[in-house]
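A structural walkthrough
Residues per chain are reported as follows:
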Amino acid sequence: MSKLYALTVLLLGLGLAVPAAQAATLDEVRERGHLRCGVSQGLPGFSTPAGGQWSGLDVDFCRAVAAAVLGDAQKVAFTPLSAKERFTALQSGEIDLLSRNTTWTATRDTALGFNFAGVIFYDGQGFMVRKELGIDSARQLSGATLCANSGTTTELNMADYFRANGMEYRPVVFEKSDEVIAAYDSGRCDVYTTDTSGLYAQRIKLKNPEAHVILPEIISKEPLGPLVRQGDDQWFNIVKWTLFAMVNAEELGVNSANVAQMHGSDNPKVRRLLGADGSIGRNLGLEAGWTRAVISQMGNYGELYQRNLAAEPLNIPRGQNRLWTDGGLMYAPPFR
Amino acid sequence: MARRHTPFGAAPRTPRWRDPRTRALVFQVVLLGAVALGIGWIVNNTLSNLARQGIASGLGFWGEDAGFGIIMSLIEYSEAASYGRAFLVGLLNTLLVSALGILLATLLGLVIGIARLSPNWLLRRLAAAYIETFRNIPLLLAIFFWYFAVLRSLPHPRHSIDLFGLAYLSNRGVYLPQPVLGGGPGWLIAGLILGVLAVLALHRWTRRRRNAGRPLPVYPLWLGIAFILPPAVLLAAGGLSWSLPALRGFNFQGGMGLIPEFVALLLALSIYTAAFVAEIVRAGIESVARGQQEAASALGLNRRQSLRLVVLPQAMRVIVPPLTNQYLNLTKNSSLAAAIAYPDLVSVFAGTVLNQTGQAVEVISITMAVYLTISLLIALAMNLYNRRTEWGVRR
């Protein structure tokens, strides 16, 4: 028994012992020559492995960070993680960055030892049902069976919503998104619930996407964003400002096509963003041209959105993810 | 002569450092010290890393509100219950599926193991086919087969298979009529005690009759007492009514519902383990010397009697130790439940609770300790039983 206990502690300890040896994440990534990024196992628009190549908004953000740090967006090793595995992977130092449609919550930010680098997608939880049920509001769902992912904010929100409205429900929770959608498609559940973006993304995987409708109620705030381990401020700043650089670039009209000529712009805001003036890059410990690498290789935030979410087959309207100048919520602190 | 003479028969004195007992002691102390140091280093390292990364630790989460729902619980549970309560729900679900699985696998395995040795060619072949098929399919696949291929292809509740208006089969599960007891649990317990007393009395009486050479068909009587007496007492005390399942809204209401996740897991676990149990039973029976059976038939016992009274009791001491192993395996295998959303300990506690709290070290340690405890308890029970069946060896 004591041997087993020792082994237990040993195995658990080893997992956590790794980051102790870590110096600054930046140095480690540079030395290794590639970024290790945790993404979801397959969510169209956010991260999908198609033909051996990952694509999606979350994936593109990993590439943007690789471009900022290593100058090459292709130098990323992707680790597909389930909702259940993701936090341990980051805590244990298995990955440098978690970019996996993860909701920014107080507990995760404070008790789990993470720092959220900002919001890359403003989302909210919704419900999808079969059209043949003739339901047009989530208020009519009392007694329904709901399929969801285990260990997510989704699971808690649905409990909150049904409790708050005095309705009954039966939760069937799976670890993998693919199992959830398969269970819903085969009729095990009446309702599929996750973030609205996920509903749109998963709907195209159904046998007959036209037969399903997404209900109008949005029952929660789900600000999704990339996150890093606490305790490495430099790395946290790099990830945070990579995101801000892409949002600011869109606001200033800098995109992947014009970034080379914009470098010679007279606009001081553009000059500071692209590293022609100022020392922001150096302060972060990066090359002066780090934002140029990000924008020329990956594009600005609008390009990322257009490419991954607004295009066929997802067609997710930009909605609250428009820039603040267009009435949306996307607002990045200035490069100054 | 310089050579020292030792008296005949006395061993030469060995220096202390070459004494095997001293050396063994020293090695053990050194090893113990190294292990203790290793553990200390690991614990210290884990704690300091947790602290450095700002990860909360400790068991403070135990009493906090869980906030999530669980589809099946044997005890009262709601979203407002604590994480500790959620742990208990998961644990009981694990124990339920394991206990029923062990029961079904034993019965099925016993029947198939005996059939495997039947003089009937067809029966023997069928049993062999069963064993070879299910023993060689990975358990996870078997679980997926029952869940996705069999139970999922059942119709939607609105078109469910109706069994005489009493039970319904659909892809939401099996709905059965549920007995509603009028008299309360006290009467049920009274009935059970009465049943046990009746069985004991019967046992004494039949033994006397058997010794007198007038045996009674005793098993049907036992079953009758066990299954009829307690409900009869209950019925007499407060009456019994039935809650029938009926389709209302999205799903069936009332009655007793078995969710497909539970049914699939139970079927897969029992059918899979039964194949191994059958082989163990066969090995046990074959280990009993042929002469025993011949002697039994020479005494005039028929095949069933010789199996039950002569062969199986002797086979048990070969059967029990590997059977214990199968019971442990079945219990541990029940953790595959997480793959099909059955809310067992791993799914609820090491899955959802771990994720909501982020307390990986604590939650995983507790889960491992629980499985260890269950396994040790099963092993203990089986070893106690084994000691009773060892009479053939000790006498």
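Residues numbered from 1 in each chain as written. Chains lettered and ligands numbered in written order. Predicted model: local features only at pLDDT ≥ 70, side-chain atom pairs only at ≥ 80, totals over all residues. Heavy atoms only, no water.

With respect to the pattern of salt bridges
Residue and element names in this part refer to chain A.
- This model, assessed by the stated rule, comprises 14 salt bridges over all chains.
- One salt bridge connects Asp 277 with Arg 271, and the closest N-O pair in it is separated by 3.0 Å.
- Here Arg 271 falls in the partly exposed class, since its relative accessible area comes to 24%. (Salt bridge = Lys/Arg side-chain N within 4 Å of Asp/Glu carboxyl O. Buried < 20%, exposed > 50% of the residue type's maximum accessible area, 1.4 Å probe, protein only.)

Some thoughts on the side chain of Asp 185 of chain A
Residues and elements named next belong to chain A.
- Along the polypeptide, Asp 185 turns up in helix H7 (residues 177–185).
- Within polar-contact distance, the side chain of Asp 185 engages the backbone nitrogen of Lys 207 at 3.0 Å.
- For Asp 185, the contacting residues outside a window of four places in its chain are Arg 130, Leu 206, Lys 207 and His 212. (Helix = DSSP H or I, 4+ residues; strand = E, 2+ residues; numbered from the N terminus. Polar contact = N/O pair within 3.5 Å; in protein donor to acceptor, adjacent residues only side chain to side chain. Contact = heavy atoms within 4.5 Å.)

As for the state of the cysteines
Residue and element names in this part refer to chain A.
- According to the stated counting rule, one finds 2 disulfides over all chains in the structure shown.
- Linked covalently through their sulfurs, Cys 147 and Cys 189 form a disulfide whose S-S length is 1.7 Å. Residues Cys 147 and Cys 189 are joined through a disulfide that is right-handed, its torsion about the S-S bond being 50°. Taken together, the positions of Cys 147 in strand S9 (residues 144–149) and Cys 189 in the loop between H7 and strand S11 (191–195) put the pair 42 residues apart, joining distant regions of the chain.
- The exposure class of Cys 147 is buried, given its relative accessible area of 0%. (Disulfide = S-S within 2.5 Å.)

Regarding the layout of surface pockets
- In this structure, the second largest pocket encloses a volume near 730 Å³.
- Surrounding the second largest pocket, 25 residues form its lining, Tyr 169 and Arg 170 of chain A together with Ile 70, Ile 71 and Met 72 of chain B being those nearest its centre.
- Taken together, the elements giving at least two residues each to the lining of the second largest pocket come down to strand S10 (169–174) of chain A together with strand S7 (251–253) and strand S8 (256–258) of chain B. (1 Å grid on protein atoms, 1.4 Å probe; cavity = no way out; pocket = protein on both sides within 12 Å on 5 of 7 lines; lining within 4 Å. Points joined across faces, edges and corners; volume = space filled by probe spheres on them.)

A look at the interface of chain A and chain B
- Taken residue by residue, the interface counts 52 residues in chain A and 49 residues in chain B.
- Both faces combined, the contact of chain A with chain B buries some 4,300 Å², and carbon together with sulfur accounts for 57% of it.
- On the surface where chain A and chain B come into contact, there are 2 salt bridges.
- The partner of Asp 190 of chain A in a salt bridge is Arg 172 of chain B, with the nearest N and O atoms 2.9 Å apart.
- At the boundary of chain A and chain B, one finds 10 residue pairs in polar contact (both at pLDDT 80 or more).
- Among the secondary structure elements, those contributing two or more residues to the side of chain A that touches chain B are helix H1 (2–17), helix H4 (86–91), helix H5 (106–110), S9, helix H6 (153–164), S10 and H7 of chain A.
- Considering every element that reaches the side of chain A that touches chain B, the biggest residue donor is H1 of chain A, with 9 residues.
- When the residues that make up the side of chain A that touches chain B are grouped by side-chain class, the tally is 28 nonpolar, 16 polar and 8 charged. (Buried area = accessible area lost by both parts, 1.4 Å probe. Nonpolar A, V, L, I, M, F, W, Y, C, P; charged D, E, K, R; others polar.)

With respect to empty space enclosed by the protein
- A full pass over the atoms with the stated rule returns 4 cavities of 30 Å³ or more.
- Each pocket or cavity is described by its volume, and for the largest cavity that value is around 290 Å³.
- In terms of lining, the largest cavity is formed by 26 residues, of which the most central are Leu 43, Arg 100, Asn 101, Asn 149 and Thr 194 of chain A.
- When its volume is computed, the second largest cavity comes out at roughly 80 Å³.
- Considering the residues around the second largest cavity, the lining is formed by 13 residues, among which Val 173 of chain A together with Gly 69, Ile 70, Pro 343 and Val 348 of chain B are closest to the centre.
- Of all the secondary-structure elements, those providing two or more residues to the lining of the second largest cavity are S10 of chain A together with helix H10 (345–357) of chain B.

Some words on a nonpolar patch on the surface
- Taken together, Ile 161, Leu 163, Phe 164, Leu 166, Trp 242 and Leu 244 of chain B make up a surface patch of nonpolar side chains, about 650 Å² in accessible area.
- One can find Ile 161 of chain B in strand S1 (residues 161–163). (Patch = residues over 30% accessible without salt bridge, like charges linked within 9 Å, V, L, I, M, F, W, Y side chains within 5 Å. Areas by Shrake-Rupley, 256 points an atom, 1.4 Å probe, with all protein chains shown as cover.)

Considerations on the nonpolar core
- If you look at the biggest cluster of nonpolar residues, it comprises 89 residues, and the most contacted ones within it are Phe 174 of chain A together with Phe 68, Tyr 77, Phe 262, Leu 265, Tyr 342 and Val 353 of chain B.
- Counting residues per element, this core draws most heavily on helix H7 (residues 260–287) of chain B, at 16 residues.
- Sequence-distant contacts of Phe 68 of chain B, defined by excluding residues within four places in its chain, comprise Glu 155, Leu 156, Ala 159 and Tyr 169 of chain A together with Tyr 77, Glu 79, Tyr 83, Ala 86, Val 348, Thr 352, Val 353 and Gln 356 of chain B.
- Counting 62 residues, the second-largest nonpolar core is a separate cluster that includes Val 65, Ile 120, Val 228 and Met 330 of chain A. (Core = buried A, V, L, I, M, F, W, Y, C linked by side-chain atoms within 4.5 Å.)

Overview of the pairing of S9 of chain A
Residue and element names in this part refer to chain A.
- Burial analysis of S9 places 6 of its 6 residues in the buried class, which makes it a mostly covered element.
- A two-sided burial pattern is seen for S9, the buried positions comprising Ala 144, Leu 146 and Ala 148 on one face and Thr 145, Cys 147 and Asn 149 on the other.
- Bridge count between S9 and S10: 6 bridges; the pairing is parallel. Paired with Asn 149 across the two strands is Phe 174, which belongs to S10.
- With H6 bridging S9 and the parallel S10, this β-α-β connection has right-handed handedness.
- Across 2 bridges, S9 lies against S11 in parallel orientation. (Pairing = 2+ DSSP bridges. Right-handed = clockwise from strand over helix to strand, strands pointing away.)

Some thoughts on the packing of aromatic side chains
- One pass over the full model with this rule turns up 27 aromatic pairs over all chains.
- Relative to Tyr 169 of chain A, the ring of Phe 162 of chain A has its centre 5.0 Å away and its plane inclined at 35°; by these criteria the two rings are tilted.
- Judged by centre distance (5.4 Å) and plane angle (55°), the rings of Phe 144 of chain B and Phe 148 of chain B are tilted. In this pair, Phe 144 of chain B and Phe 148 of chain B are both assigned in helix H4 (residues 139–151), 4 residues apart and thus about one turn of the helix distant.
- Through a chain of ring-to-ring contacts, the aromatic side chains of Phe 61, Trp 62, Tyr 83, Phe 87 and Phe 349 of chain B assemble into a single cluster.
- The aromatic ring of Tyr 184 of chain A is capped on one face by Arg 130 of chain A, whose charged end is 4.8 Å from the ring centroid.
- Taking NZ or CZ as reference, Lys 240 of chain A lies 4.1 Å from the ring centre of Phe 236 of chain A, over its face. (Phe/Tyr/Trp six-rings, centres within 6.5 Å; stacked < 30°, edge-to-face > 60°. Lys NZ or Arg CZ within 6 Å of the ring centre and 35° of its normal.)

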